[in-house]
Number of protein chains: 2
Amino acid sequence: MRDDPAGLAEQVSSVLRHLVLLLRRTVAGQPLTSQQYGVLGSLEPGPRRMTELAEEHAVQLPTMTVQINRLEDAGLVTRGGDPADARVRTARLTDEGRERLRAVRAARIAHLTEELAALTDDERATLAAALPVLAKLGRS
Amino acid sequence: MRDDPAGLAEQVSSVLRHLVLLLRRTVAGQPLTSQQYGVLGSLEPGPRRMTELAEEHAVQLPTMTVQINRLEDAGLVTRGGDPADARVRTARLTDEGRERLRAVRAARIAHLTEELAALTDDERATLAAALPVLAKLGRS
DNA sequence: CGGGGAATATTAGCCAGGCTAAGTTAGTTG
DNA sequence: CAACTAACTTAGCCTGGCTAATATTCCCCG
C-alpha cells in the first residue's frame, strides 16, 4: 500500500497538513508575518515592480499593494518608479528592511536547525534526498 | 555542505515555502477553505467537543466557535451537548457535511495523485521514505 | 448545603491577508 | 487624437486568527 500514487497521496496530504501547522507555530510571535517576510525576501536582490511581486507570490495585484503599503508604513521598504514607464512602481528594501530580513531569516533557520539536530544522521540524509523530489511537486 | 543541520535547514526552509504555495494553489477555488475542510475531517469519526477541536487545530477556542458557526450556517454540521456535562458542546457532521467532505477529499487526493504520478518510481520511493521524518519534525 | 473558583463556550471587537470591482494615470495604436 | 490597454491604487467585502469580557455549569471545601 505504500507505492501506489493514490495511497501515497493521502500520506503526503497528511504530512503537508502537519508541516503547515509546524510552520505556523514557527512564525507565531515573530516581528513579521510570513507573508511580509516572503515579500521582503523577494526584494533582497533589488527593486521589483508590483506586478512581478504579485505574480511571484501567487496573489492579486491589490493584495500586493496593501502588503507594500504596510511594509512602507513600517519603514522597511520604499517605493520608486521606472524612468522609462511612469505607470510602473517599484519596491525596494530600506536598510532597516534589509536588517530585519536578515534577523528574521536567522531566527527561522536557527529554529529549523534545532528541529533537524534532533534527527539522526540517517533521517537527515533521507530528508535531504527527498528535498529535490518535493521541490519538483507542482512544477508540472 | 549537505549534511550539516544549518545548511539543510536553509534548503528545508526553501522547500517548505514552495510547498506552502503549492498547497495554496491546490486549494484555491474549492467549495471549502482548507480550514473548514480540516475541521470537517476532524469530525468524521464522530462528534467532538469544541475544546478538543481547538486544540487539535492549534487554534484558540473562540476561533473554533466561529468556524463551527459558519459550518452550521452552511448546514454541514450540527451542534449537540453532553448529557453528563451541560457545559460542553459538540459538533457533528450532517449527512450533507459528510458528503461534502468526501467530495473535497477525493478532489484533493486526485490532484496530489496526479502530481505524484509524474514522478519516477525512485522518486516516489524517496519521498515515501522521507514522510515519517517530516512527520517527526516539530514533534519535539 | 452553599458559595466561590475553575472549566466550557460564546460574543464582541480588533487585525492581517485574501478577493473583486471601480477609478486613475500613462502608454500604445488605428 | 481618440480609444484601448496596462499598471496601480482605493474601497469594500470575506475568512480566519487573536484577546477580553460575559454566561453557564460544575465541583470542592468550609
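- Per an unreviewed UniProt entry, chain A goes by DNA-binding transcriptional regulator, MarR family and derives from Nonomuraea wenchangensis.

**Quick look at the nonpolar core**
Where a protein is soluble and globular, its nonpolar side chains tend to be buried together.
Now for step 1: The biggest cluster of nonpolar side chains holds 36 residues, and the ones touching the most others in it are Val 12, Leu 116 and Leu 134 of chain A together with Val 12, Leu 116 and Leu 134 of chain B.
Now for step 2: In terms of residues, this core owes the most to one element, helix α1 (residues 5-27) of chain A, which gives eight residues.
Now for step 3: Beyond its immediate sequence surroundings of up to four residues, Val 12 of chain B is in contact with Leu 112, Leu 116, Leu 127 and Leu 131 of chain A.

**Digging into the pairing of strand β3 (residues 85-93) of chain B**
All names here are of chain B.
Now for step 1: Sheet topology note: the strand β1 (residues 48-49)/β3 ladder contains two bridges and is antiparallel. Residue Arg 49 lies in a different strand from β3, and its bridge partner there is Thr 90.
Now for step 2: Sheet topology note: the strand β2 (residues 77-82)/β3 ladder contains six bridges and is antiparallel. The residue of β3 that forms the bridge with Val 77 is Leu 93.
Now for step 3: Connecting the antiparallel pair β2 and β3 is a turn made up of two residues.

**Things to note about the protein's contact with DNA strand C**
Now for step 1: Taken together, 23 residues are adjacent to DNA strand C, and Thr 33, Gln 35, Thr 63 and Ala 86 of chain A together with Arg 79 of chain B come closest.
Now for step 2: Backbone atoms, meaning sugar and phosphate, form 77% of the atoms of DNA strand C found within 4 Å of the protein.
Now for step 3: A distance of 2.8 Å is found between a phosphate oxygen of DNA strand C and a side-chain nitrogen or oxygen belonging to Thr 63 of chain A.
Now for step 4: In the environment of DNA strand C, a phosphate oxygen lies 3.1 Å from a nitrogen or oxygen atom belonging to the side chain of Gln 67 of chain A.
Now for step 5: Those elements that place two or more of their residues in the surface near DNA strand C are α2 (34-43), α4 (61-73) and β3 (85-93) of chain A together with α3 (50-56), α4 (61-73) and β3 of chain B.
Now for step 6: Split into classes, the residues belonging to the surface near DNA strand C amount to seven nonpolar, nine polar and seven charged.

**A look at the pattern of salt bridges**
All names here are of chain B.
Now for step 1: One pass over the full model with this rule turns up 18 salt bridges over all chains.
Now for step 2: Note that Arg 105 is salt-bridged to Glu 44, the shortest N-O span being 3.1 Å. Note that Arg 105 is positioned in helix α5 (residues 95-117) and Glu 44 in the loop between α2 (34-43) and β1, a separation of 61 residues in sequence.
Now for step 3: Taking relative accessible area as the criterion, Glu 44 reaches 34% and is therefore assigned partly exposed.

**Topic: the sheet that holds β1 of chain B**
Residues and elements named next belong to chain B.
Now for step 1: Here we have three strands laid out as an open sheet, ordered β1-β3-β2, and antiparallel in their pairing. The sheet is open, and its two borders are formed by β1 and β2, each paired with just one other strand.
Now for step 2: Where α2 meets the sheet, it contacts β1, β2 and β3, and its direction lies at approximately 110° from that of β3.

**Quick word on the protein's contact with DNA strand D**
Now for step 1: Taken together, 24 residues sit near DNA strand D, with Thr 51 and Thr 65 of chain A together with Thr 33, Gln 35 and Ala 86 of chain B positioned nearest.
Now for step 2: Counting only the atoms of DNA strand D that lie within 4 Å of the protein, the sugar and phosphate share comes to 76%.
Now for step 3: One of the side-chain N or O atoms of Thr 65 of chain A is found 2.8 Å from a phosphate oxygen in DNA strand D.
Now for step 4: Within the side chain of Gln 67 of chain B, one N or O atom sits 3.2 Å away from a phosphate oxygen of DNA strand D.
Now for step 5: Its residues assigned to classes, the surface near DNA strand D comprises seven nonpolar, nine polar and eight charged.

**Regarding the relation of the copies chain A and chain B**
Now for step 1: Here chain A sits on chain B after a turn of 179° about the axis and a move of 0.1 Å along it, with an RMSD of 0.3 Å. Both copies are brought into coincidence by an operation consistent with a two-fold rotation axis. Closest approach to the rotation axis within chain A is made by the C-alpha atom of Ala 130 of chain A, at a distance of 3.0 Å.
Now for step 2: Of the interface residues in chain A, 98% have counterparts in chain B that sit at the interface too, so the contact is made through matching surfaces.

Here is what the cut-offs are and how they apply
- Residues numbered from 1 in each chain as written.
- Chains lettered and ligands numbered in written order.
- Predicted model: local features only at pLDDT ≥ 70, side-chain atom pairs only at ≥ 80, totals over all residues.
- Heavy atoms only, no water.
- Core = buried A, V, L, I, M, F, W, Y, C linked by side-chain atoms within 4.5 Å.
- Buried < 20%, exposed > 50% of the residue type's maximum accessible area, 1.4 Å probe, protein only.
- Helix = DSSP H or I, 4+ residues; strand = E, 2+ residues; numbered from the N terminus.
- Contact = heavy atoms within 4.5 Å.
- Pairing = 2+ DSSP bridges.
- Near = heavy atom within 4 Å.
- Polar contact = N/O pair within 3.5 Å; in protein donor to acceptor, adjacent residues only side chain to side chain.
- Nonpolar A, V, L, I, M, F, W, Y, C, P; charged D, E, K, R; others polar.
- Salt bridge = Lys/Arg side-chain N within 4 Å of Asp/Glu carboxyl O.
- Axes fitted to C-alpha atoms, helices over the stretch in contact; angles between N-to-C directions.
- Least-squares fit on C-alpha atoms with pLDDT ≥ 70 in both.

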